[in-house]
Amino acid sequence: MSLGTVHGVGLGPGAPDLLSVRADRLVRSARHVAYFRKAGRPGQARRIAEGMLRADAVELPMEYPVTTEIPVADPRYNACLSVFYAECTDRLLALTRAGEDVVVLCEGDPFFYGSFMHLHSRLSGQVPVAVVPGITGMAGAWNATGQPITWGDDVLTIAMATLPEEELIRRIRDTDALVVMKIGRNLAKLRRAVAAAGREAEAWLVEHAAMPEQRVTPLAEATQVTPYFSILLIHGRGRRP
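This report concerns the structure included in the present document.

Scoring rules and cut-offs
Residues numbered from 1 in each chain as written. Predicted model: local features only at pLDDT ≥ 70, side-chain atom pairs only at ≥ 80, totals over all residues. Heavy atoms only, no water. Pairing = 2+ DSSP bridges. Helix = DSSP H or I, 4+ residues; strand = E, 2+ residues; numbered from the N terminus. Axes fitted to C-alpha atoms, helices over the stretch in contact; angles between N-to-C directions. Contact = heavy atoms within 4.5 Å. Parallel < 35°, antiparallel > 145°, perpendicular 65-115°, else oblique. Left-handed = near helix turned anticlockwise from the far one by under 90°. Nonpolar A, V, L, I, M, F, W, Y, C, P; charged D, E, K, R; others polar.

1. What to know about the sheet that holds strand β6 (residues 156-160)
Move 1: On the basis of which strands lie adjacent, the open sheet formed by 5 strands has the order β6-β7-β10-β8-β9 and mixed pairing. The open sheet has two edge strands with one neighbour each: β6 and β9 (215-218). Pairs of neighbouring strands in the sheet enclose a mean axial angle of 20°, with direction left out of account.
Move 2: The pairing of β6 with strand β7 (residues 177-181) spans 5 bridges and is classified as parallel. Residue pairing in the sheet places A159 in a bridge with V180 of β7.
Move 3: Contacts from helix α5 (residues 137-144) reach β6, β7, β8 (203-207), β9 and β10 (230-234), with the element oriented near 60° to β10.

2. Brief notes about the sheet that holds strand β2 (residues 32-38)
Within a sheet, neighbouring strands are paired by backbone hydrogen bonds and run either parallel or antiparallel to one another.
Move 1: Spatially, 5 strands are ordered β3-β2-β4-β1-β5 in an open sheet, and the strand pairing comes out parallel. Lying at the two open borders of the sheet, with one neighbouring strand each, are β3 (58-64) and β5 (129-132). Pairwise comparison of adjacent strand axes, ignoring direction, gives a mean angle of 25° for this sheet.
Move 2: Sheet topology places strand β1 (residues 6-10) next to strand β4 (residues 102-106); 5 bridges connect them, and they run parallel. The residue of β4 that forms the bridge with H7 is V103.
Move 3: Across the face of the sheet, helix α3 (residues 75-97) comes into contact with β1, β2, β3 and β4 while running at roughly 165° to β3.
Move 4: Against the sheet, helix α4 (residues 116-123) engages β1, β2, β3, β4 and β5, with an angle of about 155° to β5.

3. Observations concerning the packing of α3 against α4
Move 1: α4 packs onto α3 with a crossing angle of 60° between their chain directions and a minimal axis gap of 9 Å. When the axis of α3 is compared with that of α4, the two are oblique. Once α3 is placed against α4, the crossing between them reads as right-handed. Across the interface between the two elements, S82, Y85, A86, C88, T89, L92 and L93 from α3 touch H118, L119, R122 and L123 from α4.
Move 2: When grouped by side-chain class, the residues that make up the contact of α3 with α4 number 7 nonpolar, 3 polar and 1 charged.

Everything listed here is a matter of geometry and, on its own, says nothing about what the molecule does.
Structure follows, in structure tokens:
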């Protein structure tokens, strides 16, 4: 029996009509559909694909054992997730070794800070794995502002708000254009870092980009932030004709 293929399919930033033609075809034809989610939640990737799955599709939700309950720096965090990804890999291997293809729904792009990467590194070399690129959440965010993110020779930096404050200040100060992800509980720290770098007047906060509840707010006016679907932007002002 030939092996099946695991397809990591990028679904874009949130709107179902922002999928590529290839992604749309794979999602609609898949017999086995896997996706990550937090326990008790439907999962953002599954929400994007709502109404697209075939009637007899077999769904494989993969529920994170931990999200924010343990600090990322705590060794228990990596240990817990390592076991989780190994278990998910075993489930996918069992299906593909039985000759079944599996589509793994991925928010944004599968190779951009996504959970699918941890499956890809474990599956590669054992069964065929294919990746379908997707529009990233940050692209959806900067398009929501109605302004180009980079011009000419601008350098774009992508940082996580989980970085130490001094590191954030340095990164913000040293770049032309900026994207900051994983804001959540780090909004106060990020706000201080942007102010210390002297760029608060340039910063925008985009929540739920490309989703019905999308909101674009100057950072100076933001008092709180959606825990997960939020991105900070500073637009470049570089060379142009």
